[in-house]
Amino acid sequence: MIAPGATIGILGGGQLGRMLAIAAAGLGYRCHIYAPDRESVAADVSAEFTCAAWTDEAALAGFAESCDVVTFEFENVPVGPLAALAAKLLPHSRALEIAQDRLHEKGFAEELGGRPAPYVPVHSAEDLAAAIERIGAPGILKTRADGYDGKGQWRISSARDADSIRLPGAATIYEGLVHFSAEFSVILVRSQDGEIRFWDSAENVHEHGILASSALPPSAQILAQLEQARALAARIADALGYVGVLTCEFFATDAGPVFNEMAPRVHNSGHWTIEGAATSQFENHIRAICGLPLGSTASLASEVTMTNIVGPAALTAHELLSDPAAHLHLYGKREPREGRKMGHVTRLGPAPE
Ligand code: AMP
């Protein structure tokens, strides 16, 4: 067990790191943030900050030296240089390796009995034409690595559409468009001795590839598919000897749950757990990596809505506080750029008239 007062290292300096650090502080830990960007909203609430490149092995070694355990809030951290801190890293870097490559991720889920959208790796314009021929259009071309919030994705509505697409330099994958009725995520926490707990699954709504809201209760169709989706998420966690919070995103379709992707970390669709569950995803992640007993994941209300505050909407977000049931979280980011996640608001109970 990592005793309170010890230092938790967090790779990544964004809002997920900030909320992990706040939860860690509540349990008496100090946090040390490692991130390449000067502006780090996680460092703003943490005891120490190392601002250095992901590939700076000397800086990483010094960081690891100062920490009792290290975790990450960002899944695109290059895995190679992490060898220096492997002994202290939870979850293990294997989870990062898989989640960083959409091709491996889908293959891994399939091996464990999951069903992803039909997919084909694409390296050239000829590959893309062949992929469309095989899977059909519409579909989505995605970069295999480094994509997030809909970035690195191109919708293709017909084979003719594909002619006008200039392929990115990076490796890509072509996926068939899934006709889903809803999206949901399974968020679980796994302890060091293999105990797994699930939070309730919210129904997620995306706009322009970015999560807009997550709400409980989910549709009846999602509820009917949860057991199967949870069983896959648990098999993934067990196969990786995973420790901490793991998120798997699914499409609910008439033919059952379709696995979209996994995030080896706390997730935006679990922010509602701060007020809406007995123990938040952030606190249980800290508990798991520190070897503490896991807290209850039970929901505290049957209706919960988490809405993201994106871009300039943050400038007037304080007006949301006129609703006494609203819990406002602003991440302290200075520039409210279009498409940038600036905060979120959670509301327990039925939506106001
Ligand atoms: P991703 O970054 O892969 O999670 O994609 C972001 C969002 O785009 C998803 O949550 C869906 O709303 C949509 N999307 C991605 N892939 C597909 C697909 N194969 N079929 C339908 N919608 C998709």
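It should be emphasised that the depicted structure is a prediction, and the values quoted were computed from it without experimental measurement. (Residues numbered from 1 in each chain as written. Predicted model: local features only at pLDDT ≥ 70, side-chain atom pairs only at ≥ 80, totals over all residues. Heavy atoms only, no water.)

J.: Help me out: how do you make sense of the packing of aromatic side chains in this one?
T.: Given two aromatic rings, their pairing is described by the distance between the two centres and the angle made by the two planes. Following the criterion strictly, the structure yields six aromatic pairs and no others. Residues W54 and F74 carry aromatic rings whose centres are separated by 5.9 Å and whose planes lie at 15° to one another, so their mutual orientation is stacked. Separated by 20 residues along the polypeptide, W54 in the loop between β3 (48-51) and α2 (57-66) and F74 in the loop between β4 (69-72) and α3 (93-99) bring together distant segments of the chain. Look at W54 and you get buried, because its relative accessible area is 15%. Each ring, one from F180 and one from F251, has its centre 4.8 Å from the other, and the planes form 10°; the classification is stacked. (Phe/Tyr/Trp six-rings, centres within 6.5 Å; stacked < 30°, edge-to-face > 60°. Helix = DSSP H or I, 4+ residues; strand = E, 2+ residues; numbered from the N terminus. Buried < 20%, exposed > 50% of the residue type's maximum accessible area, 1.4 Å probe, protein only.)

J.: Hey, could you run me through the layout of surface pockets in this one?
T.: To find leftover empty space, one rolls a probe the size of a water molecule over the atoms. Here the second largest pocket is characterised by a volume of approximately 200 Å³. Along the walls of the second largest pocket sit 14 residues, with M19, I22, A23, I274 and F282 positioned nearest its centre. Mapped onto the lining of the second largest pocket, the elements with two or more residues apiece are α1 (15-26), α9 (281-290) and β16 (326-330). With five residues, the top contributor of residues to the lining of the second largest pocket is α1. Partitioned by chemical class, the residues of the lining of the second largest pocket number eight nonpolar, four polar and two charged. Two domains share the lining of the second largest pocket, each providing at least three of its residues, namely domain 1 (7-89) and domain 3 (182-348). (1 Å grid on protein atoms, 1.4 Å probe; cavity = no way out; pocket = protein on both sides within 12 Å on 5 of 7 lines; lining within 4 Å. Points joined across faces, edges and corners; volume = space filled by probe spheres on them. Nonpolar A, V, L, I, M, F, W, Y, C, P; charged D, E, K, R; others polar. Domains from an automatic or database assignment.)

J.: Help me understand the site of the ligand, please; the structure alone is not making it clear to me.
T.: Around the ligand, the structure places 15 residues, and the nearest of them are K142, E175, V178, E183 and E261. The backbone of G176 places a nitrogen or oxygen atom 3.0 Å from a nitrogen atom of the ligand. Between an oxygen atom of the ligand and a side-chain N or O atom of E183, the distance comes to 2.6 Å. The fraction of the free accessible surface of the ligand (470 Å²) that becomes covered by protein chains is 95%. Breaking the shell around the ligand down by element, the ones donating at least two residues are β6 (139-143), β7 (153-156), β8 (172-176) and β14 (256-263). Its residues assigned to classes, the shell around the ligand shows five nonpolar, four polar and six charged. (Near = heavy atom within 4 Å. Polar contact = N/O pair within 3.5 Å; in protein donor to acceptor, adjacent residues only side chain to side chain. Areas by Shrake-Rupley, 256 points an atom, 1.4 Å probe, with all protein chains shown as cover.)

J.: Please explain the sheet that holds strand β1 (residues 7-11) as it appears in this structure.
T.: Hydrogen bonds between backbone groups are what pair the strands of a sheet, and the pairing can be parallel or antiparallel. One open sheet holds the four strands; their spatial order is β3-β2-β1-β4, and the pairing between them is parallel. One side of each edge strand has no neighbouring strand; the edge strands of this open sheet are β3 and β4. The sheet shows a mean angle of 20° between the axes of neighbouring strands, taken without regard to direction. Strand direction decides the pairing type here: β1 and β4, joined by four bridges, are parallel. Within β4, the residue paired with G9 across the bridge is V70. Docked against the sheet, α1 engages β1 and β2 (30-35), running at close to 170° with respect to β1. In the packing of α9 onto the sheet, the strands contacted are β1 and β4, and the crossing angle to β4 comes to about 140°. (Pairing = 2+ DSSP bridges. Axes fitted to C-alpha atoms, helices over the stretch in contact; angles between N-to-C directions. Contact = heavy atoms within 4.5 Å.)

J.: How should the side chain of H267 be read in this particular structure?
T.: Along the chain, the position of H267 falls in the loop between β14 and α8 (273-276). With a relative accessible area of 8%, H267 lands in the buried category. Within the local environment of H267, its side chain forms a polar contact with the side chain of S269, the two groups lying 2.7 Å apart. The contact partners of H267, leaving out residues within four places of it in the chain, are I187, T247, E249 and Q281.

J.: Which parts of the structure should I look at to understand the sheet that holds β7?
T.: Ordered in space as β5-β8-β6-β7, the four strands form an open sheet in which the pairing is antiparallel. If you trace the sheet from one side to the other, it starts and ends with β5 (119-122) and β7, each paired once. Taking the axes of each pair of neighbouring strands and ignoring which way they run, one obtains an average angle of 25° across the sheet. In this fold helix α5 (residues 125-135) packs onto β5, β6, β7 and β8, with an angle of close to 170° to the strand it touches most, β5.

J.: Looking at this structure, how should I read the environment of Y34?
T.: Its place among the elements puts Y34 in strand β2. Once the C-alpha coordinates of Y34 and R287 are considered, the two residues, 253 residues apart in sequence, prove to be 20 Å apart. Residues in contact with Y34, not counting those within four places in the same chain, are I10, L11, G12, T50, A52, A53, W54, D56, A59, L60 and F63.

J.: Teacher, can you tell me more about the packing of α1 against α9 here?
T.: Packed helix pairs are characterised by how far apart their axes lie and by the angle those axes make with each other. Two elements in contact, α1 and α9, have axes separated by 8 Å at closest approach and are oriented at 70°. Taken together, the axes of α1 and α9 are roughly perpendicular relative to one another. Both α1 and α9 take part in a crossing whose hand is right-handed. Judged by residue contacts, L16, M19, L20, A23 and A24 of α1 engage F282, E283, H285 and I286 from α9. Class assignment for the residues of the contact of α1 with α9 results in seven nonpolar, one polar and one charged. (Parallel < 35°, antiparallel > 145°, perpendicular 65-115°, else oblique. Left-handed = near helix turned anticlockwise from the far one by under 90°.)

J.: Explanation requested: the pattern of salt bridges in the structure shown.
T.: Close approach of charged atoms lets side chains of opposite charge pair. A complete count under the given rule lists 12 salt bridges for this structure. In this structure, R30 engages E48 in a salt bridge whose closest nitrogen and oxygen atoms are separated by 3.1 Å. Here the residue R30 occupies a position in strand β2, and E48 occupies one in strand β3, the gap between them amounting to 18 residues. On the basis of relative accessible area, R30 is assigned to the partly exposed category, the value being 34%. (Salt bridge = Lys/Arg side-chain N within 4 Å of Asp/Glu carboxyl O.)

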